[in-house]
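Structural description and commentary
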Amino acid sequence: AQRVTQPEKLLSVFKGAPVELKCNYSYSGSPELFWYVQYSRQRLQLLLRHISRESIKGFTADLNKGETSFHLKKPFAQEEDSAMYYCALKKQSNTGKLIFGQGTTLQVKP
Amino acid sequence: GAVVSQHPSWVICKSGTSVKIECRSLDFQATTMFWYRQFPKQSLMLMATSNEGSKATYEQGVEKDKFLINHASLTLSTLTVTSAHPEDSSFYICSASKQGFSGELFFGEGSRLTVL
């Protein structure tokens, strides 16, 4: 069964500290993974997708098939990064079906 | 841009009544929309896939007679919670993908349903 696990409900760091939000998945096929973010009082929005291999707002995520992980990283956290982060797995090819992890709240303290 | 709008954003109803939530793609056509349910401080649970002009596809465990979905046009999908009960109280979120899905879903702002 497809599953996405984010083991941390809350991650609290100080401004300028490195951040790593963990995401593990289980999927028998070739996975496509995404990170979505929800800032306070805003709707969910795409942060990045693994196939793009891009860095958005200083965040990167590398797909590690051996460890079935897709951790989100940023070397120096900013206060404006405080938000809820969801890791998501594309359930089927060519559809928008996404399976979301439980979400991790990132709190960046001044 | 790609904007998805939900209405109402907040609704309270009495037990036994039905409530309709609309999801509109404002500036693009969405052949497929998705309905999620989110419990407090929990993940989004996919309820169903709404396909324009055809029947919705429901995820396992979701009662299709309870949660009626209609996708009558390329810009509108509706979710009707029938004979609502307090346990149906939740945050319902819709999302849509543009044609040629690239992985990005565009989310509505969500609709909070409270059933008394």
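Right, let's walk through the structure included here. (Residues numbered from 1 in each chain as written. Chains lettered and ligands numbered in written order. Predicted model: local features only at pLDDT ≥ 70, side-chain atom pairs only at ≥ 80, totals over all residues. Heavy atoms only, no water.)

What follows concerns the overall build of chain A. Assigned secondary structure in chain A consists of zero helices and eleven strands. Reading the secondary structure of chain A in the N-to-C direction produces β-β-β-β-β-β-β-β-β-β-β. Taking 2.2 N^0.38 as the reference for a compact globule, 110 residues should give roughly 13 Å; the C-alpha atoms of chain A span a radius of gyration of 13 Å, in line with that estimate. Its C-alpha atoms put chain A at 40 × 30 × 25 Å along the principal axes. A total of 110 residues make up chain A; the buried ones form 45% of that total. Taking as baseline every contact in chain A between residues at least 6 positions apart, the subset at least 24 positions apart corresponds to 58%. Accessible area for chain A stands at about 5,600 Å²; split by element, carbon and sulfur atoms hold 48% of it. (Helix = DSSP H or I, 4+ residues; strand = E, 2+ residues; numbered from the N terminus. Rg over C-alpha atoms; globule rule 2.2 N^0.38 Å. Buried < 20%, exposed > 50% of the residue type's maximum accessible area, 1.4 Å probe, protein only. Contact = heavy atoms within 4.5 Å. Areas by Shrake-Rupley, 256 points an atom, 1.4 Å probe, with all protein chains shown as cover.)

Take the side chain of Ser95(B) next. Residue and element names in this part refer to chain B. Relative to the helices and strands, Ser95 is located in strand E9 (residues 90–97). For Ser95, a relative accessible area of 0% translates into the label buried. In contact with Ser95, not counting residues within four places along its chain, are Thr32, Met33, Phe34, Tyr36, Leu105, Phe106 and Phe107.

Moving on, we come to the nonpolar core. By size, the foremost hydrophobic cluster in this structure holds 26 residues, and its most contacted members are Val4(B), Phe28(B), Trp35(B), Phe67(B), Tyr92(B) and Leu113(B). Residue assignment for this core shows that the elements contributing at least two residues are strand E2 (10–13), strand E3 (19–25), strand E4 (32–38), strand E5 (44–51), strand E7 (67–73), strand E8 (76–81), E9 and strand E11 (111–115) of chain B. Contact partners of Val4(B), with chain neighbours within four places excluded, come to Arg43(A), Cys23(B), Arg24(B), Ser25(B), Phe28(B), Cys94(B), Ala96(B), Phe106(B), Phe107(B), Gly108(B) and Glu109(B). By size, the runner-up hydrophobic cluster in this structure holds 25 residues, among which are Val19(A), Tyr25(A), Val37(A) and Leu106(A). (Core = buried A, V, L, I, M, F, W, Y, C linked by side-chain atoms within 4.5 Å.)

Next up on the list: unusual backbone geometry. In this structure, the amide linkage connecting His7(B) to the following residue, Pro8(B), adopts the cis form with an omega of 0°. Looking at where Pro8(B) falls in the secondary structure, it is placed in the loop between strand E1 (4–7) and E2. The phi torsion at Arg41(A) lies on the positive side, around 65°, for a residue other than glycine. Within the secondary structure, Arg41(A) sits in the loop between strand E5 (33–38) and strand E6 (45–49). One non-glycine residue with positive phi stands out, namely Ser83(B), at about 45°. Residue classification places Ser83(B) among the partly exposed residues on the basis of a relative accessible area of 35%.

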